[in-house]
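# Residue-level structural notes
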Amino acid sequence: MVGFGVIEVFLFFCVVCYFFNKNRTDDMVDVISARVQDAFGTWRLPTNVQNGGENTRPEERISTNQLRRVGDEHRRRKAYIKDLEKKAIEKNLYEIKEATAPTVSLPEQQNHGLACRHCAPSTSEVQLDPVERRRDVKNILTITQHAGWRPDSTIFDWGGWFPFLAQCIRLKKSPYPQVSGTVLGSERLRNAIEQAAQEAVTEKRQTLQKDDDDEVTFDENSYYVEMLRKHEKRAKRLIWDMRSKLSDVMLRITSWVLYKLLPCFLSGVVAHPAQVEMLKAAAAKSPKAPLIFLPLHRSHLDYILVSFILLNNDIRSPIVAAGENLRIPFFGSLLRGLGAFFIKRKIDPVVGKKDVVYRAVLHTYMQEALKVGHNVEFFIEGGRTRTGKPCMPKNGVLSVIVDAFMDETIPDALLVPVSVNYERLVDGNFVYEQLGQRKKPESFRSAISAIWHILHSRYGLMRIDFNEPFSLRELVKSFNRLSPDPFRSSDSLTRRLQHNPSSSSLYGTDIVREEQRSLVDNISRHVVYDCASATAVMTTNAVAFLLLTRFRDGATLSVLAEALDDLRGRLNGVKDIGFTGDSKDICQYAADLLGPNMITVEKRSSQLFFKPVTMIPNVIELSYYSNSLVPHFALESIMITALNALAKEFERRYPSREFSVGKDDLFKACLDHCDILRFEFILNKPCQQIDKLLNETLDRLRDRDLIQIPQVMYTEEQKWSRRFAMELESDDSDDDRHYQPTNDEMVHLTSNGHCERLVLMSVLAPYGHTYLAVAVCLRSLLGTSMVESEFIKNCVSEITSKVENLECKFGESVSTDSIRNCIKVFEKWSVIEISSCTGVRMISLGPMFDNNSGIDNTIQRIQKVVPF
C-alpha cells in the first residue's frame, strides 16, 4: 500500500509540473523548430506529404506539424515493409527453422499430375498452365484480412479483428437438395424390393420341401405380401441410415472450428491456388457435369480437409462416401452434416447371395444425387492405406458414376484425382494390423481419446494436390477408339458401350459387356497411378526412405544430408518435392518429428549420428513413410533385381566368364518380376506399354553408370536389314510403335555402380522376403486346408522368426497387406484355391501344386525377387 501511494504522488507531481511549465515547454519547441528550419531550409518535402490536400510548396519553410507528419509517414512505411517481410516468411511454409530462411526455392519444374493427353486429349483447354504450375503453394490456415472486409473511415473493422469469422460468413452459399424421397419412389428400388420378396418366397418353399417331403401347405401370396412390406420398411431404414444431410450452416461452423483447431497440431495445410482456379475453370466450362473427387486415403482427416479447402474457395462441397463404421454417436451426425453418406464395407452379408435391396438403395441414391447436381467424393482405394503406398483400386462406386453417364442421367462427369500426404500421420499407425491383429472398431470413447491425443501432439505439414480433371465423356470416347469393338455404334456421339441396367450388382451395375467392366478398371488404375505420381514428397518420406534403403546402420548428419541433396536432385522435375531449405536442417526436423521411436539421434565424435530403429514393430511404422517413394523407384529396383538374379544364375553356370545378358532376356525377367508384384504396385498407366517404360528405365540406369550397353557398329546393309526386319515384325495397326530389343544388344554391369545397385535392390527386398515366407508356408497346406486368417498368422510368425534369427534384415517384411497380396498372386497362378465355408474363407493347394515338387517350383520362382 505504501508503494502504491508513492506512485500516485509521483504521477500527480508530474501532471502539475507539466501544466505549470507548459508555456516554457512550448517556447523550447519553437526554438528547436527554428534551428531545424535554419539547418534544412533548402530541403524539400516529398510530393506525397500533403497539407490539407495540397502539396507543400518547395520554398515553404517546414513547420513542426510537417516534420511530425514526415516522421509518421516514415514509421508507417517502415512498419509496412516489416509487415511485408513477415508475410513473406509466413508464406514460405517449408522453412525448417524460423531463425533461418531457406535458401532453396521451389523447383522450377513441378509435376502436379497432368491429365493424360492420350486418354483425354480434349481436356487440354482447362488444364493447368505450365507457368501456373510453378506458383508457390499457400497455407490455407493463414488468413490476415479478407478483401471484402477492409475498413474505411466510417465502418468498424470487425473483419480485421475476426478474420476467420469474416471468412466463414463470406462463403458462397450453395443449395444442397435432399434426394431421400426420390430414392424411395424410384422404379429401380421398387423392382429390387419385388425381386427380394420373390426370392424370399422361393427360399421358403425350398426350406419347407426339405423339412417335409409329403404335402406342403404354404400360402405364397400372403407370404409375398408380407415380404414386400418387410423389405419396404428395410429400404426406408437403409436410406435413413445412409443419407447425407449436407448443411450450409454446419459447413460454416465447422470451417470456423477447423481454423481454430488445426493450427494446434498442424503447422500448415498446403494447397496450390492455381490448382483451385483450375477446378473453377473446369466447373465453369461444364456447369452440368459434377466434379468427382477421387483422393488416395491416408487419414480420417482427408475428407474433412478436402471439403474444407473446396468450401473456402467457393467450390461446391461434395457428398462423401464414408464407411458405416464411422456412424458413431455425435461424430456420425457431424460427418453426415458435412456431407458423408454411409455405406457398408461388405455389401452382401451372406456369401454367395446378393443383397439386391441394399444395392438398389445405394445405386439409386448416388444417381439421384448426381442428377440434382451434387459433387461426389469417394476413396478409390476403399479403406485407408496400411502401408503408406497406394492400394489397388476398388471399382464399385466408380461403376455407378460410369453407369450414370451411360444411361444419360448426367451429360458428363469431371474425375479429379486428389493427392494427399502428411509429414506425420495424424490418426495413428497401422503397425498392429500389419502384425496380424484385428482392427479396433471406432467408438465415441476412442474418438474422444484420439482427438485429445492429436491436440497435444505435433504432426507438421499436410499437403493436398488437386490433379487435372478427366472428362468421363472423353475417356469413354478414347476407350472406344482404342479398343476393338465390333458392336460399336458409329451414330452415337460418344460411341457408348452397350448397357443393360440392373439392380442386382453394384460393381459394373450388372454389365453385360465385358468392355464396360474393362473401362471402369482402366479408369480406376489410371487415377491411382496419377495420384501416386503427383503425391508430394514430404520431409519424413525422404529421410525415412534414405535411412531404410541406404543407411540402415546409420549415418552422420553430413553424409545423410549429402544423400538427401542427391535424392532431391534426382526427383527434381519428376516428382513434386514438398519442402525446401538446407538438407541438414531438414534431416534434423524430420527426425525430431518422427521421434526417437523411429529414428535415434546421438552425438558421436562431435557429429550427430542418425540411425533408424530397425526392430519390430518400430521399423514397420517407419516404413510407412518410406513407402511413399517406393512406387517411384519400383521399376528401377525390379530391373536391378532381375539383373542380380540373372548374374547369379550366369555365375553358377559359367564361373570363369564375365556376366552379360541380352536386353530381351532381361526384359523377360523383368516382366516375370512385375507379374509377381502385380497386386503391390501399378507400374504403368493402362494407356502405357510396360516394355516401353522398361526401355526408359534401362536408359536411366545407363546414364547413371549402373549398367553398360556397348554400342554395336553396323554396315549400311546390316542397318537396312534390321529396319526391314523390324517393319515386318511390327503390327501395322499399332500407332505407338516401340523399339524391339534384340539379342546382340548386351547389358553389362559396371564395376563402380555396385553400392548404388545394392540400394535399388533394397527398395523392393522387403516384399521379396514376405513373398518367400508365404511360399515356404505353403507346405503347411499339403493334403489339407486351413482358414485364411490362420494361414496369415503362420506367415507372420514365419517372417518374424526369420527377422529374429537374422535370416532376414528387413523387419518391415512383416506385413499382412503384402501377405494377402501374395495369396492373390498364388491364387492367380492356381497354386492355391480359396473357397467359402459358412462365411469363412478356406485356403487349400491346387491339384497341380499339392506336392513337394510343386511347392519347390513356386519357391524357386519367388526366390528370383529376393536379392539378399
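Residues numbered from 1 in each chain as written. Predicted model: local features only at pLDDT ≥ 70, side-chain atom pairs only at ≥ 80, totals over all residues. Heavy atoms only, no water.

## A closer look at the pairing of strand β6 (residues 319-323)
This is how the line gets drawn: Accessibility here uses a 1.4 Å probe with only protein chains present; expressed as a share of the type maximum, an area under 20% marks a residue as buried, one over 50% as exposed, and anything in between as partly exposed. Numbering of helices and strands runs from the N terminus, with a helix taken as a DSSP run of H or I at least four residues long and a strand as a DSSP run of E at least two residues long. Two strands pair under a simple rule: DSSP has to find at least two bridges between them.
Counting buried residues in β6 gives five out of five residues, a clear majority hidden from the surface. Of the two faces of β6, both are covered, the one formed by Ile-319, Ala-321 and Gly-323 as well as the one formed by Val-320 and Ala-322. Direction of pairing for β6 relative to strand β8 (residues 376-377): parallel, over a ladder of two bridges. By the bridge assignment for β8, Val-320 is matched with Glu-377. Alignment of β6 against strand β7 (residues 340-343), held across four bridges, turns out to be parallel.

## Structural notes on the side chain of Thr-364
Note the cut-off: N or O atoms within 3.5 Å of each other form a polar contact, as long as, within protein, one can give a hydrogen and the other can take it, and as long as residues adjacent in sequence are counted only when both atoms are side-chain atoms. Residues are treated as being in contact if the distance between any of their heavy atoms lies within 4.5 Å.
Among the structural elements, Thr-364 can be located in helix α13 (residues 356-371). Within the structure, Thr-364 has its side chain in polar contact with the backbone oxygen of Ala-360 (distance 2.6 Å). If we ignore the near neighbours within four places in the chain, the residues touching Thr-364 are Val-183, Ser-186, Arg-188 and Leu-189.

## Some thoughts on the state of the cysteines
As a reminder of what qualifies: Throughout, disulfides are identified as pairs of cysteine sulfur atoms within 2.5 Å of each other.
Counting across every chain of the model gives zero disulfides. Considering cysteine sulfurs only, Cys-670 is the nearest to Cys-674, which forms no disulfide, with 6.6 Å between them. Accessibility expressed as a relative area gives 10% for Cys-674, which makes it buried.

## Some thoughts on empty space enclosed by the protein
Which entries qualify depends on this criterion: Think of a 1 Å grid over the protein atoms and nothing else: a 1.4 Å probe that fits but is trapped marks a cavity, an open set flanked by protein within 12 Å on at least five of seven lines marks a pocket, and residues with an atom within 4 Å of a point count as lining. Grid points are joined across faces, edges and corners, and a volume is the space filled by probe spheres set on the points. Polarity classes work like this: nonpolar for Ala, Val, Leu, Ile, Met, Phe, Trp, Tyr, Cys and Pro, charged for Asp, Glu, Lys and Arg, and polar for all others, with Gly in that last group.
A complete count under the given rule lists six cavities of 30 Å³ or more for this structure. Of the voids in this model, the largest cavity is the one considered here, and its volume is about 150 Å³. Lining the largest cavity are 15 residues; nearest its centre among them are Leu-251, Tyr-303, Ile-304, Ser-307 and Leu-338. Elements that contribute at least two residues to the lining of the largest cavity include exactly α9 (248-265), α11 (301-311) and β6. Take the lining of the largest cavity: its biggest share by element is five residues, from α11. Residue composition of the lining of the largest cavity, grouped by class: 11 nonpolar, four polar and no charged.

## Some points on the confidence of the model for the protein
Inclusion rule: Residue-level confidence of the predictor is what pLDDT reports, using numbers from 0 through 100.
Overall, the prediction assigns the protein a mean pLDDT of 80, with 74% of residues at 70 or greater. Across residues 39-60, where pLDDT falls below 50, the model places 21 contacts with residues more than four positions away in sequence or in other chains.

## Things to note about the pattern of salt bridges
We apply this condition: Take a side-chain nitrogen of Lys or Arg and a carboxyl oxygen of Asp or Glu: if they are within 4 Å of each other, that pair is a salt bridge.
On inspection of all chains with the given rule, the structure shows 32 salt bridges. Its salt-bridge partner being Arg-463, residue Asp-465 comes within 3.1 Å of it at the nearest N-O pair. The burial state of Asp-465 is the same as that of Arg-463; both residues are buried. Between Arg-779 and Asp-856 there is a salt bridge, with its nearest N and O atoms 2.5 Å apart. Taken together, the positions of Arg-779 in the loop between α27 (754-777) and β18 (785-787) and Asp-856 in helix α30 (residues 852-863) put the pair 77 residues apart, joining distant regions of the chain. With relative accessibility at 35%, the residue Arg-779 sits in the partly exposed group. A residue is classified by how much of its surface remains accessible, and Asp-856, at 29% relative accessible area, is partly exposed. Ionic contacts of the salt-bridge type, sharing partners, join the residues Arg-550, Asp-566, Arg-570, Glu-636, Arg-700, Arg-704 and Glu-756 into one network.

## A word on the sheet that holds strand β13 (residues 599-604)
So the rule is basically this: Lines fitted to C-alpha atoms define the axes here, with helix axes fitted over just the stretch in contact, and angles between the N-to-C directions of these axes take values from 0 to 180 degrees.
Pairing is antiparallel across the open sheet formed by three strands, whose spatial order is β12-β14-β13. Both outer strands of the open sheet, β12 (555-556) and β13, are each paired with one neighbouring strand and no more. This element, helix α21 (residues 583-594), spans β13 and β14 (607-612) of the sheet and lies at about 50° to β14.

## Focus on the nonpolar core
Stated precisely, the cut-off is as follows: To form a nonpolar core, buried Ala, Val, Leu, Ile, Met, Phe, Trp, Tyr and Cys residues must be joined to one another through side-chain atoms within 4.5 Å.
Leu-666, Phe-791 and Phe-826 are the most contacted members of the largest nonpolar core, which totals 141 residues. With 12 residues, the top contributor of residues to this core is α27. Setting aside anything within four residues of it in sequence, one finds Phe-826 in contact with Tyr-771, Val-774, Ala-775, Leu-778, Val-831, Ile-832, Thr-858 and Ile-862. Counting 70 residues, the second-largest nonpolar core is a separate cluster that includes Val-357, Val-376, Ile-380 and Tyr-529.

## Examining the sheet that holds strand β17 (residues 746-749)
Spatially, the three strands line up as an open sheet ordered β15-β17-β16, and their pairing is antiparallel. The open sheet has two edge strands with one neighbour each: β15 (661-662) and β16 (707-708). Here β16 runs beside β17; their pairing, made up of two bridges, is antiparallel. Its bridge partner being in β17, Gln-708 is matched across the sheet by His-748.

## Let's talk about a nonpolar patch on the surface
To be explicit about the condition: Nonpolar side chains (Val, Leu, Ile, Met, Phe, Trp, Tyr) within 5 Å and like charges within 9 Å form the patches, drawn only from residues with over 30% relative accessible area and no salt bridge. In short, Shrake-Rupley with a 1.4 Å probe defines the accessible areas, and a residue's cover is counted only from the protein chains shown.
Taken together, the side chains of Trp-161, Phe-162, Leu-165, Ile-169, Val-249, Ile-253, Trp-256, Val-257 and Leu-261 present a nonpolar region at the surface, about 870 Å² in accessible area. Secondary structure elements with two or more residues in the nonpolar patch: α5 (163-170) and α9. Broken down by element, the residue count for the nonpolar patch peaks at five residues, all from α9. Tracing the chain through its elements places Phe-162 in the loop between α4 (158-161) and α5. On the accessibility criterion, Phe-162 (47% relative accessible area) is partly exposed.

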